[in-house]
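Analysis of the macromolecular model
Take a look at the letters that make up each chain.
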Amino acid sequence: MYKYSNVQISLADFKQPVGMNLKESNRWVKKAQTIPWLEIEKRYAALFTSRKGNVAKPLRLAPGACIIQAEYGYTDEETALQIQENPCLQYFCGYPGYDDEHLPFDPSTMVYFRKRLTPEVLGEINEMILNTVRQPEKQDDDGDDPGRGGNSGTMIVDATCAPSNIRYPQDASLLNEARENTEKLLDVLHDPADGRKPRTYRKKAHKDFLQFSRSRKKSAKKTRKAVGQQLRYLKRSLAAIDEKIALGRTLTARQDARLATIRTLYDQQKYMYDNHSHTVANRIVSVSQPFLRPIVRGKAGKPVEFGAKLDISVVNGWSRLECFSFDAYNEAGNLQAMVERFREREGHYPSRILADKIYRNRDNLRFCKERGIHLAGPALGRPKKDEVRNKTQDFLDECERVEVERRFSLAKRKCGLGLIVTKLQETIAHTVAMSILVLNLRKIQCAIFHFFVLLLQVLCPKQKPAFVQWTLFKAHQPLLLTVYSPPLYFHSCLRRTCEGILHRQDQIHLREPMRSWPSPTDNLQERQILSQVSYN
């Protein structure tokens, strides 16, 4: 059962103890004000169909805690403690006032939050956030030719893998882990009244595996011998379990699922052992997470990754999760569905699609040609005899396509996509979708800065700024905005424009071009540098 609450309170209404004064400039305060909590709460309340039972946690606490965890990479326990100790995080999570006496929830509740916020729900929340902050941007003339059937906009697509936190799968170690699991299951099924426990040679099997794992040089012959030994030990344990089950012994649902996984693993390893092969369909790489598959990426240093594969699209800098699967797939087969979803959102097709060569198959090229979409890249087959390609446009397309690589890099370094530590299928899917949502929230914080960069380009189209700096200063004084730019004649114009945008009596200082940071003794007393952009 869900009960509606006051999802949005102002900072002035947030109850703070004497001596505490939260700032409007705090990033979590700003982030809370940019999220449409009322619209999200309506969608979140629809997940609770029953009107009986305990009242669920408020909306802002559930997604808010997941956003905080994705932002910092905290564990479930640490996330609850940070919310308890940090007033800014409490305001973001919808607290009426600062309260550090009790934990906001039991840490195990985070698992239910992740199960409840599925990728579909997070996708809808992501669209709600983008609809509130997205502004129509001016497109390049090359990419938005009005003669292309009314198409406009550029969509960048690419695929990557979100690796899970598992041990590198080796045949001998997998079989040893499966054998140890069967021994535990056999201990559960055995009843002392039945007599002596079936012999499994567990000590000898463990000793054989240690002898192999500790050897410095694992030759192919030695590896095959170790795999054969573990297969025989595992076969004996499975036979003993079958005898116990035939006597009427039962296992829990979780134990039955683990036993089925071990049987499948044994069949796969036995097939590869008998056929001297290292390839099998739907190969299991983890006993605890049997749904994970090896994803061949061909990257330097990591040719194969073990985790979920996903596709994202980037439009005007905003990212969306387009496809997600634990099985390896050809990403070219999802391009047409991505384009159709773009049309549903925008009302028209994109004029350009920037993608890797793998997306340029015959079906996708025919699909894009029929709809007047330019799929960047060279044509298939040999180049024509008299063909003259526009190398400048090809270079620009490739430079713009790098934007999706930057999105992947930021998501993996800062948003939890680089190493998935959750264990269940539902929670892994939640982690991937939440990382894309947090990626857009991080971009919202930089939107004002990019506006001022665009403003400089509009006011001085022929000037090339050498240095732009945005500094925040609000300690018993108004907001301080510092802009460095070569042209001197537009200082008064920029001052009036900034004052009109900020709608407050802020103090704006404009300085001469500088090649270094201000000194610590500078009278402006810069407190926090938010971002820095350099131009050539």
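First things first, this report covers the structure right here in the doc. In this text, all values refer to a predicted model and were calculated from it rather than measured experimentally. (Residues numbered from 1 in each chain as written. Predicted model: local features only at pLDDT ≥ 70, side-chain atom pairs only at ≥ 80, totals over all residues. Heavy atoms only, no water.)

**Regarding the overall build of the chain**
- A count of helical and extended segments in the chain gives 17 helices and 10 strands.
- Of all 536 residues assigned to the chain, the portion counted as buried reaches 44%.
- For the chain, restricting intrachain contacts to residue pairs at least 6 apart in sequence, the fraction spanning at least 24 positions comes to 69%.
- For the chain, the accessible area works out to roughly 29,600 Å², and carbon and sulfur atoms hold 52% of it. (Helix = DSSP H or I, 4+ residues; strand = E, 2+ residues; numbered from the N terminus. Buried < 20%, exposed > 50% of the residue type's maximum accessible area, 1.4 Å probe, protein only. Contact = heavy atoms within 4.5 Å. Areas by Shrake-Rupley, 256 points an atom, 1.4 Å probe, with all protein chains shown as cover.)

**Concerning the side chain of Arg 360**
- Looking at where Arg 360 falls in the secondary structure, it is placed in the loop between strand S5 (352–354) and helix H13 (362–370).
- One polar contact links the side chain of Arg 360 to the main-chain carbonyl oxygen of Ala 376, over a distance of 3.3 Å.
- Filtering out sequence-adjacent residues up to four positions away, Arg 360 remains in contact with Leu 365, Leu 375, Ala 376, Gly 377, Pro 378, Ala 379 and Leu 380. (Polar contact = N/O pair within 3.5 Å; in protein donor to acceptor, adjacent residues only side chain to side chain.)

**A few points about a negative patch on the surface**
- A cluster of acidic side chains, namely Glu 77, Glu 78, Glu 85, Asp 100, Glu 101 and Asp 106, defines a negative patch on the protein surface.
- Here Asp 100 shows up in the loop between helix H5 (87–92) and helix H6 (109–116).
- You can call Asp 100 partly exposed: its relative accessible area is 42%. (Patch = residues over 30% accessible without salt bridge, like charges linked within 9 Å, V, L, I, M, F, W, Y side chains within 5 Å. Salt bridge = Lys/Arg side-chain N within 4 Å of Asp/Glu carboxyl O. Lys, Arg positive; Asp, Glu negative; His and termini not counted. Charge placed at Lys NZ, Arg CZ, Asp CG, Glu CD.)

**What to know about a positive patch on the surface**
- Positive charge collects at one region of the surface, where Lys 218, Lys 221, Lys 222 and Lys 225 lie side by side.
- Secondary-structure assignment places Lys 218 in the loop between helix H9 (202–213) and helix H10 (220–246).
- You can call Lys 218 partly exposed: its relative accessible area is 39%.

**As for the packing of aromatic side chains**
- On inspection of all chains with the given rule, the structure shows 9 aromatic pairs.
- Ring centres of Trp 28 and Tyr 72 lie 5.9 Å apart, and the angle between their planes is 40 degrees; this geometry places the pair in the tilted category. Linking Trp 28 in helix H1 (residues 27–34) with Tyr 72 in helix H3 (residues 61–72), this pair joins segments that are 44 residues apart in sequence.
- The exposure class assigned to Trp 28 is buried, which follows from its relative accessible area of 3%.
- Assessed through its relative accessible area of 32%, Tyr 72 is described here as partly exposed.
- Their ring planes at 65 degrees and their centres at 5.0 Å tell us that Phe 291 and Phe 326 sit as a pair that is edge-to-face. Here the residue Phe 291 occupies a position in the loop between helix H11 (253–274) and strand S2 (293–296), and Phe 326 occupies one in the loop between strand S4 (318–325) and helix H12 (335–346), the gap between them amounting to 35 residues. (Phe/Tyr/Trp six-rings, centres within 6.5 Å; stacked < 30°, edge-to-face > 60°.)

**What about the environment of Thr 132?**
- Tracing the sequence through the fold places Thr 132 in helix H7 (residues 119–133).
- Accessibility expressed as a relative area gives 39% for Thr 132, which makes it partly exposed.
- Beyond its immediate sequence surroundings of up to four residues, Thr 132 is in contact with Thr 34 and Pro 36.

**Points about the packing of H9 against H10**
- At a closest axis distance of 10 Å, the pairing of H9 and H10 adopts a crossing angle of 160 degrees. Classed by the angle they form, the pair H9 and H10 counts as roughly antiparallel. Here H9 and H10 pass one another in a crossing that is left-handed. Residues Lys 204, Ala 205, Asp 208, Phe 209 and Phe 212 of H9 pack against Lys 222, Thr 223, Ala 226, Gln 229, Gln 230 and Tyr 233 of H10.
- Here the contact of H9 with H10 is built from residues that sort into 5 nonpolar, 3 polar and 3 charged. (Axes fitted to C-alpha atoms, helices over the stretch in contact; angles between N-to-C directions. Parallel < 35°, antiparallel > 145°, perpendicular 65-115°, else oblique. Left-handed = near helix turned anticlockwise from the far one by under 90°. Nonpolar A, V, L, I, M, F, W, Y, C, P; charged D, E, K, R; others polar.)

**Observations regarding the pattern of salt bridges**
- Scanning the model with the defined rule gives 29 salt bridges in all.
- A salt bridge links Asp 171 to Arg 283; the shortest N-O distance between them is 2.6 Å. Of this pair, Asp 171 sits in helix H8 (residues 171–189) while Arg 283 sits in the loop between H11 and S2, and the two are 112 residues apart along the sequence.
- A relative accessible area of 17% means that Asp 171 is categorised as buried.
- Arg 371 serves as the salt-bridge partner of Glu 340, at 3.8 Å between the closest nitrogen and oxygen. With Glu 340 in helix H12 and Arg 371 in the loop between H13 and strand S6 (374–375), this residue pair connects regions lying 31 residues apart in the sequence.
- Residues joined by salt bridges that share partners form a network here, namely Asp 158, Asp 356, Glu 398, Arg 401 and Glu 405.

**As for helix H4 (residues 76–85)**
- Buried within H4 are the following residues: Asp 76, Thr 79, Ala 80, Gln 82, Ile 83 and Gln 84.
- Contact partners of the buried residues in H4: H3, H5 and H6.

**Observations concerning the side chain of Thr 261**
- Tracing the backbone shows Thr 261 in helix H11.
- Residue Thr 261 is classed as buried on the basis of its relative accessible area, which comes to 12%.
- When neighbours within four sequence positions are excluded, Thr 261 is seen to be in contact with Ile 284, Val 287 and Pro 290.

**Comments concerning the packing of H3 against H4**
- Interhelical geometry of H3 versus H4 gives an angle of 110 degrees and a closest axis separation of 10 Å. Relative to H4, H3 is oriented roughly perpendicular. For the element pair H3 and H4, the recorded crossing hand is right-handed. Here H3 contributes Ala 65, Ile 68 and Gln 69 to the contact with H4, which in turn contributes Asp 76, Thr 79 and Ile 83.
- Residue composition of the contact of H3 with H4, grouped by class: 3 nonpolar, 2 polar and 1 charged.

**Section: unusual backbone geometry**
- If you check the backbone angles, Asn 282 has positive phi at about 50 degrees while not being a glycine.
- Locating Asn 282 in the fold gives a position in the loop between H11 and S2.
- Residue class for Asn 282 comes out exposed when judged on its relative accessible area of 51%.
- Phi is positive for Asn 316, close to 55 degrees, though the residue is something other than glycine.
- Following the sequence through the fold, Asn 316 ends up in the loop between strand S3 (304–315) and S4.

**Remarks on the environment of Phe 105**
- You can see Phe 105 is positioned in the loop between H5 and H6.
- In this structure Phe 105 comes out as buried when scored by relative accessible area, which is 3%.
- Each C-alpha atom, one on Phe 105 and one on Ala 62, is 9.7 Å from the other, the two residues being 43 residues apart in sequence.
- Setting aside its immediate chain neighbours within four residues, Phe 105 contacts Lys 57, Leu 61, Ala 65, Ala 80, Ile 83, Met 110 and Phe 113.

**Considerations on the nonpolar core**
- In this structure, Ile 35, Ile 67, Phe 92, Phe 105, Ile 129, Met 434 and Leu 437 are the most contacted members of the largest nonpolar core, which totals 70 residues.
- With 10 residues, helix H15 (residues 425–445) is the single largest residue contributor to this core.
- Counting residues in each nonpolar core, the second largest holds 23 residues, with Val 227, Ala 240, Ile 284 and Val 287 among its members. (Core = buried A, V, L, I, M, F, W, Y, C linked by side-chain atoms within 4.5 Å.)

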